[in-house]
Amino acid sequence: MQLRPFDFSEADYQAYVDAVNAAHPEIARVVTDVRHADKTRGADEVLGRWLVEVEGRIVGIVEYESPRNPKAGALEVHYRLHPQYKGLTAATWEFLMAEAAKQNPRVLQTGGREDWDEVAWYRAEGFVELDRMWASTLDVQTFDPAPFHRPLADGIEIKPLSDFDWKSQAFVRRWYTMMIALLSDVPSAERINPWPLEVWQQRHAAEPNLIPEGYFFAVEEDQLVGTTMLFKSNRPQTLQTGLTGTLSSHRRKGIALALKLRAAAFAKDYGVRYVRTNNHQINRPMLSINEAMGFVKEPALVVLHKELKP
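All values derive from a computational prediction rather than experimental measurement.

What counts, and where the lines are drawn
Residues numbered from 1 in each chain as written. Predicted model: local features only at pLDDT ≥ 70, side-chain atom pairs only at ≥ 80, totals over all residues. Heavy atoms only, no water. Helix = DSSP H or I, 4+ residues; strand = E, 2+ residues; numbered from the N terminus. Rg over C-alpha atoms; globule rule 2.2 N^0.38 Å. Buried < 20%, exposed > 50% of the residue type's maximum accessible area, 1.4 Å probe, protein only. Contact = heavy atoms within 4.5 Å. Areas by Shrake-Rupley, 256 points an atom, 1.4 Å probe, with all protein chains shown as cover. Lys, Arg positive; Asp, Glu negative; His and termini not counted. Charge placed at Lys NZ, Arg CZ, Asp CG, Glu CD. Polar contact = N/O pair within 3.5 Å; in protein donor to acceptor, adjacent residues only side chain to side chain. Arc of directions from axis to C-beta.

(A) Local environment of the overall build of the protein chain. Within the protein chain one finds eight helices and 14 strands. A globule of 310 residues ought to have a C-alpha radius of gyration of about 19 Å, and the protein chain, at 21 Å, matches this closely. Expressed along its principal axes, the backbone C-alpha trace of the protein chain runs to roughly 65 × 40 × 35 Å. Here the protein chain, with 310 residues, has 50% of them falling under the buried criterion. For the protein chain, contacts bridging at least 24 residues in sequence account for 70% of all contacts bridging at least 6. As displayed, the protein chain has an accessible area near 15000 Å², and 52% of this comes from carbon and sulfur atoms. The centroid of the 37 positive side-chain charges in the protein chain is displaced by 3 Å from the centroid of its 41 negative side-chain charges.

See the structure below:
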């Protein structure tokens, strides 16, 4: 076994994606997504990535990086191995921990689906659960929206991003301001720390999978008061939901449900079969909407962390 540094070539990106997908086909990673994440990494963020090679074959990856939810002193770590090479787990983990230690982290974070072998390994290594999210899927081709329709209050309408001058800086600032307000209220076990405007614009507003016609806002007069959004997915016949939320001043008016229904209708017309979403376990209001609509839960995604001794 050899662990060699990732060289950011097209060949290494493809090898990385192939290794991750061999370990977990349900992830369905693609090179463009990994490149976008790397390209939009902040100047003060760190990344260490290695390919696990056996007799010239790439059989896995190990990496550490700054968490996407910024947190001082935290480092995110992952390993992925081809199912036939799980016996290399201890050796690859030892290597990763030695490399990660050079960054002097105070806490390590990781995660995965609760039924993955990696998650069992992380727990055995002393990681404890910090948060839990439910991924769930709705079949939009069989979904009947009729029982859920309610009229919105006068003056509130739903418009797609494509109806706005959405690449102008003036609109981007309005959009960002609303997103920060929504993120500050997302029920989660750990506070969500928003990215600066410039980083958010690169990572989110310029996300290559963003669908302007499938990204919706609830609008009252000239104010953005809620949103839901659909992105292209690497999963067959699926669109992925991003954040769905309503400003605190406009809750309990049926806006979130109306946004979800609009997104489901769009997905059906778009020609896919499924809409997929992720929700924090403690976000009962949104989970209740999804459960009522018929979203079917998958195994939970868990976020784990481990406090390190000074």
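And the narrative resumes.
(B) Representation of the side chain of T228 in the model. Structurally, T228 is set in strand β9 (residues 223–232). Given the relative accessible area of 0%, T228 is considered buried. Within the structure, the side chain of T228 is placed 2.6 Å from the side chain of T244, a separation counted as a polar contact. Ignoring any residue separated from it by four or fewer positions in sequence, one finds T228 in contact with Y215, F216, T241, L243, T244, L259, K260 and A263.

(C) Quick look at helix α8 (residues 284–293). Residues of α8 that are buried include every one of M286, L287, I289, N290 and M293, and no others. Buried residues along α8 cover an arc of 155° about the axis, so they all sit on one side. Exposed residues lying more than 90 degrees from the buried face of α8 are P285 and A292. Along its buried surface, α8 packs onto β6 (128–139), α7 (255–270), β12 (274–280) and β13 (296–297).

(D) Local environment of unusual backbone geometry. Here F8, not a glycine, exhibits a phi torsion of approximately 65°, which is positive. By the secondary structure assignment, F8 is in the loop between β1 (2–5) and α1 (10–23). For F8, a relative accessible area of 42% gives the class partly exposed. Of note in the backbone geometry, Q237 takes a positive phi value of approximately 55° without being a glycine. When you line up the elements, Q237 lands in the loop between β9 and β10 (238–241).

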